[in-house]
Amino acid sequence: MEPRAVSCSAPPVLDTTSRLSSVQWIEARRELAALDLTSSEERRAVVDGGCHCGAVRYRIDGALGRASACHCSRCRKVFSGASSAYAEIPDASKFSWVIGEDKLTEYSVASGFRAAFCRICGSTLCGISANQVHGVTLGTVDGDPGVQIEMHTFVGSKAPWDHIGGSAPQFEEEYPNSEASEDNQ
Ligand SMILES: [Zn+2]
Ligand SMILES: [Zn+2]
């Protein structure tokens, strides 16, 4: 089971023309290490969200965890966009469906990982791992989710039309220290 970024357990098709140079790679890792990514003070205590049509709504009684954008070919499909824009939920017990749980449909994205979406409007709402809600799509959060995209992963296989903005570190594939960070979850 891989509880980090959504659905990236299979190698995506890499676009070698957009690979980061080793210098960029080192700088990206340095930037990431310098950021205080674990500060919870600015993160919201309650996070509400829902699908586009309003049939499904959820609440998280706690702050969101690591937010990332995966640009791999699978995430682009699952999230119908340039990347995933996804935030993990540190404590799954804090998550609850407010309305419309019966309107959800689940789809197996990768081994051990499913995406849940509204079967009326199609909004992808969350990722499910080990039968627990693992994280939510930032696009479905109402207002400020209290987190920012902390990293871009699988940038090596981003769409040719994708222009990544901002200063968050970019990684050619997955976050290099993902195993170490998972130990802290
Ligand atoms: Zn809906
Ligand atoms: Zn991905």
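Conventions and cut-offs
- Residues numbered from 1 in each chain as written.
- Chains lettered and ligands numbered in written order.
- Predicted model: local features only at pLDDT ≥ 70, side-chain atom pairs only at ≥ 80, totals over all residues.
- Pairing = 2+ DSSP bridges.
- Helix = DSSP H or I, 4+ residues; strand = E, 2+ residues; numbered from the N terminus.
- Axes fitted to C-alpha atoms, helices over the stretch in contact; angles between N-to-C directions.
- Core = buried A, V, L, I, M, F, W, Y, C linked by C-beta atoms within 7 Å.
- Buried ≥ 20, exposed ≤ 12 C-beta atoms within 10 Å, placed from the backbone.
- pLDDT = per-residue confidence, 0-100.
- Contact = placed C-beta atoms within 7 Å.

Sheet strands line up and pair through hydrogen bonds in the backbone, either parallel or antiparallel. Pairing within the open sheet is antiparallel, and its three strands lie in the order 1-2-5. The sheet is open, and its two edges are formed by strand 1 (47-50) and strand 5 (95-99), each paired on a single side. Neighbouring strand axes in the sheet, compared pairwise and without regard to direction, differ in orientation by 25° on average. Two elements, strand 1 and strand 2 (residues 57-60), share four bridges in a ladder whose sense is antiparallel. Bridge pairing in strand 2 places Gly 49 opposite Tyr 58.

Right, let's get into the environment of Arg 74. Here Arg 74 lies in helix 2 (residues 73-78). Spatially, the C-alpha atom of Arg 74 lies 9.3 Å from that of Ala 110, the residues being 36 residues apart in sequence.

Moving on, we get to the nonpolar core. With 37 residues, the main nonpolar core has Leu 64, Ala 87 and Leu 125 as its most contacted residues. Within the residue set of this core, elements represented by two or more residues are strand 2, strand 3 (67-70), helix 2, strand 4 (86-88), strand 7 (113-118), strand 8 (124-129) and strand 9 (132-137). Among the elements that make up this core, the one with the highest residue count is strand 7 (five residues).

Taken as a whole, the chain shows an average pLDDT of 83; of its residues, 72% reach a score of 70 or greater. Within the model, pLDDT remains below 50 along residues 1-7, and this stretch shows 29 contacts once partners closer than five positions in the same chain are excluded. Predicted confidence for residues 9-18 stays below pLDDT 50, and this span has 18 contacts to residues more than four positions away or in other chains.

Here strand 3 shows no split at all, with Ala 67 and Ala 69 on one side and Ser 68 and Cys 70 on the other all buried. Direction of pairing for strand 3 relative to strand 10 (residues 151-153): parallel, over a ladder of three bridges. Looking at strand 10, one finds that Ser 68 is bridged to Met 151.

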